[in-house]
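Summary of the model geometry
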Amino acid sequence: MALIIETTDDFIRALRGNEEFRAAARRELLTQDLLALPKEFSEFKTSAEERFDSIDRRLDKMDERFDGVEQDIRTLTVSVNDLRGSALEGKMSTRLRQRVATTLGLTRPRILWLAEHYVQPPSRAEEFARRMEQATDMGEITEGEADRLTSTDMVMRATNASGERVHVAVEASGVIGSRDIIRARQSADILKKMYVEDAAAAVYGFSIEAEQVEQAKAVDDLAEVHVFLETERL
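Residues numbered from 1 in each chain as written. Predicted model: local features only at pLDDT ≥ 70, side-chain atom pairs only at ≥ 80, totals over all residues. Heavy atoms only, no water.

**Things to note about the environment of L149**
For the record, the criterion: Each helix is a run of H or I in the DSSP string that is no shorter than four residues. Each strand is a run of E no shorter than two, and both are numbered from the N terminus. Note on exposure labels: buried denotes an accessible area under 20% of the residue type's maximum, exposed denotes more than 50%, and partly exposed covers the range between, all computed with a 1.4 Å probe on protein chains only. Contacts are assigned to residue pairs that have any heavy atoms within 4.5 Å of one another.
Here L149 lies in helix α5 (residues 143-151). Residue classification places L149 among the buried positions, given a relative accessible area of 0%. Counting along the chain gives 42 residues from L149 to L191, while the straight-line C-alpha distance between them is 7.9 Å. Discounting chain neighbours no more than four positions away, the residues touching L149 are W113, F128, M132, I141, S187, I190, L191 and M194.

Given below as structure tokens:
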């Protein structure tokens, strides 16, 4: 069918209504490069999406690796702190005992219990263990409270200015944390119940954060937990 085009409107109608004429006009008006653009853009879009997907997968793998590194660092930090804590526990009986007594105004300090080391003379540790067993049998403390005392890093006994006995519960850690403060308070409270005498709580370490310093202060019905750092000297 022949097309008769005399006016611009005839040309526009032919473009809109005749696919063959429209394709021919496009070939004449547009360069080959422009005609290829839609296909090339579609291919570029597909390629870009594939590349972005590949980058996302690589980033995910990098995140997994970083997570693994962070976990390794946390594990190493815990191990180092455990080692430092163990080193402190070995020093408590000689370096800390008199510091605690001097700071708290006590005299005649004696170590009753060390969780990691058998106390010398052994009779004190045996006496402490027997008192725990007796207090548990009589219902003065619970089995769980006896376990807490057994796990306390150091228990010592001294005399205050009035001549009364005072027990001190000490928890040691390379970096003093919230758990150490909580445990020291718990152990001191259990010692009060077991001996019906005054007791104090203390923590011992190489360092402590400001948050834990605040936590160790006396607040309402919570007694002060005395902080001793190995970097300090009398």
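**Comments concerning the confidence of the model for the protein**
The condition that has to hold: Within a predicted model, pLDDT stands for the predictor's per-residue confidence, ranging from 0 to 100.
Looking at the protein as a whole, the pLDDT averages 83, with 81% of positions reaching at least 70. The element-level mean pLDDT for the protein is lowest in helix α3 (residues 32-104), coming to 72, with helix α6 (residues 178-195) highest at 97.

**Things to note about unusual backbone geometry**
Phi angles above zero are rare outside glycine, and V196 is one such case at about 50°. Looking at the secondary structure, you find V196 in the loop between α6 and β5 (198-205). With relative accessibility at 71%, the residue V196 sits in the exposed group. Positive phi, normally seen in glycine, also occurs at D220, with a value near 55°. Looking at the element boundaries, D220 is found in the loop between α7 (210-215) and β7 (225-229). Residue classification places D220 among the exposed positions, given a relative accessible area of 80%.

**Quick look at the nonpolar core**
The condition is simple: We call a set of buried Ala, Val, Leu, Ile, Met, Phe, Trp, Tyr and Cys residues a nonpolar core when their side-chain atoms join them within 4.5 Å.
If you look at the biggest cluster of nonpolar residues, it comprises 26 residues, and the most contacted ones within it are F128, I141, L149, L191, M194 and V225. Put simply, the parts of the chain that give this core at least two residues each are β1 (107-114), α4 (122-137), α5, α6, β5 and β7. With seven residues, α6 is the largest single contributor of residues to this core. L106, I111, V168 and A172 belong to the second-largest nonpolar core, a separate cluster that totals 19 residues.

**Notes on the sheet that holds β1**
Basically, it comes down to this: Pairing between two strands is assigned when DSSP locates at least 2 bridges connecting them. Axis angles are defined between N-to-C directions and span 0 to 180 degrees, where every axis is a line fitted to C-alpha atoms and, for a helix, only to the segment in contact.
With mixed pairing, five strands are arranged side by side in an open sheet as β1-β2-β3-β5-β7. Sheet topology places β1 and β7 at the edges, where each strand pairs with a single neighbour. Averaged over all adjacent pairs, the angle separating strand axes in this sheet is 25°, with direction ignored. Here seven bridges tie strand β3 (residues 165-172) to β5, and the two strands are oriented parallel to one another. Note that in β5 the partner of E171 across the bridge is V203.

**Some remarks on the pattern of salt bridges**
The following threshold applies: The rule for a salt bridge is simple: a side-chain nitrogen of Lys or Arg has to be within 4 Å of a carboxyl oxygen of Asp or Glu.
Scanning the entire structure with this criterion turns up six salt bridges. A salt bridge links E127 to R157; its shortest N-O distance comes to 3.5 Å. Highlighted residues: E127 in helix α4 and R157 in strand β2 (residues 154-159), separated in sequence by 30 residues. Between R165 and E197 there is a salt bridge, with its nearest N and O atoms 3.2 Å apart. Here E197 lies in the loop between α6 and β5 and R165 lies in strand β3, a separation of 32 residues in the sequence. On the accessibility criterion, E197 (24% relative accessible area) is partly exposed.

**Looking at the pairing of β2**
With respect to burial, β2 is a largely interior element, six of its six residues being buried. Burial along β2 is two-sided: M154, M156 and A158 facing one way and V155, R157 and T159 facing the other are all buried. Of the strand pairs in this sheet, β1 and β2 are connected by five bridges, and their pairing is antiparallel. Following the sheet pairing, T107 is matched in β2 by T159. Looking at chain direction, β2 and β3 are connected through six bridges and run antiparallel. Note on β3: the bridge partner recorded for M156 is V168. Hairpin connection between β2 and β3: a loop of five residues separates the two successive antiparallel strands, and G163 in this loop has a positive phi of roughly 85°.

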